[in-house]
Amino acid sequence: MKILVVENTSTGGTKYGLFDKMLLTGFSIFPTLYARQIASITPKKHGIHVLNERYEKINFDKSYDLVNINFTTSTAKRAYEIADKFRKLGTTVVLSGLHPSSIPDEAKKHADSVLLGRGELNWLQLLEDFEKGNLKPIYDHEKYEKKIRLSSTNIKPPGFVVTGAIEATRGCPYTVSYTHLRAHETVLDLVCRLLLEK
């Protein structure tokens, strides 16, 4: 299966003042971990390409079986444009990230499926369901268990990178009902795991 993961950093045609735009997108020169994490856990039988719009234009003429677009609220308009265009071409689209996790009903209007929360665990289930022709409209976040270990993100980020990225915590450490992002391991657990993987 050919998969495209789009890191959406463009605000599209949304009009922001220079200062607002700098605040919303200025830190996007730092690599995100989401797309690289998804790429690293995707079974090797699939071909996966990570695309960051800051460094590469989307080639809509290229054929993909599945497109995952990860975005935040500031880039939602552009993400929906990309999603709608791929869907018109007959490509299955999955939306993920903070914005679709917060407003899945809105996101669902532009996608075949919405991946809630961080998405690593439900991404694997989504791929399995897609291969069976049984894609669900919504994939709710899975609770992380300490025994679950995800592979490291040894995927080179696209374009110019000022610095690497490390994730010291994972979301909200409290078990409140209104958040999809929950902590799954302590900083010490993470550091020990990374050292053991080397």
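Residues numbered from 1 in each chain as written. Predicted model: local features only at pLDDT ≥ 70, side-chain atom pairs only at ≥ 80, totals over all residues. Heavy atoms only, no water.

Bringing the sheet that holds strand β2 (residues 47-52) into the picture now. Taking strand neighbours across the sheet as the criterion, the six strands line up as β2-β1-β3-β4-β5-β6 in an open arrangement whose pairing is parallel. Since the sheet does not close on itself, it has two edges, and those belong to β2 and β6 (138-139), each with one partner. In the packing of helix α2 (residues 34-41) onto the sheet, the strands contacted are β1 (2-7), β2, β3 (66-70), β4 (92-96) and β5 (113-115), and the crossing angle to β2 comes to about 175°. (Pairing = 2+ DSSP bridges. Helix = DSSP H or I, 4+ residues; strand = E, 2+ residues; numbered from the N terminus. Contact = heavy atoms within 4.5 Å. Axes fitted to C-alpha atoms, helices over the stretch in contact; angles between N-to-C directions.)

What the rule picks out here adds up to three aromatic pairs. With centroids separated by 4.8 Å and ring planes inclined at 45°, the aromatic side chains of Phe60 and Phe86 adopt a geometry described as tilted. You can see Phe60 sitting in the loop between β2 and β3 and its partner Phe86 sitting in helix α3 (residues 76-88), a full 26 residues away along the chain. Ring geometry for Tyr64 against Phe86: centres 6.4 Å apart, planes inclined by 80°, an arrangement best described as edge-to-face. Linking Tyr64 in the loop between β2 and β3 with Phe86 in helix α3, this pair joins segments that are 22 residues apart in sequence. The same class applies to Tyr64 as to Phe86, namely buried. Pairwise contacts between aromatic rings join Phe60, Tyr64 and Phe86 into one cluster. (Phe/Tyr/Trp six-rings, centres within 6.5 Å; stacked < 30°, edge-to-face > 60°. Buried < 20%, exposed > 50% of the residue type's maximum accessible area, 1.4 Å probe, protein only.)

Attention now moves to the environment of Lys108. Within the element layout of this structure, Lys108 appears in helix α5 (residues 104-108). Note: C-alpha distance between Lys108 and Val93 (15 residues apart in sequence) is 9.9 Å. When neighbours within four sequence positions are excluded, Lys108 is seen to be in contact with Arg87, Ser113, Val114 and Pro137.

For the rest of this paragraph, the subject is α2. α2 sits mainly inside the fold: eight of its eight residues count as buried. The complete set of buried residues in α2 reads Tyr34, Ala35, Arg36, Gln37, Ile38, Ala39, Ser40 and Ile41. Those residues of α2 that are buried lie in contact with β1, β2, β3, β4, β5 and α6 (120-131).

A few words on the pattern of salt bridges. If the charged atoms of two oppositely charged side chains come close together, the side chains can form a pair. What the rule picks out here adds up to six salt bridges. With its nearest N and O atoms 3.5 Å apart, the salt bridge here joins Arg78 to Glu81. Here Arg78 and its partner Glu81 are both found in helix α3, three residues apart, which amounts to about one turn of the helix. Taking relative accessible area as the criterion, Glu81 reaches 34% and is therefore assigned partly exposed. As a salt-bridge pair, Arg87 and Asp112 come within 3.4 Å of each other at their nearest N and O atoms. Linking Arg87 in helix α3 with Asp112 in the loop between α5 and β5, this pair joins segments that are 25 residues apart in sequence. Under the relative-accessibility criterion, Arg87 is labelled partly exposed at 32%. One network of salt bridges, in which partners are shared, links Glu53, Arg78 and Glu81. (Salt bridge = Lys/Arg side-chain N within 4 Å of Asp/Glu carboxyl O.)

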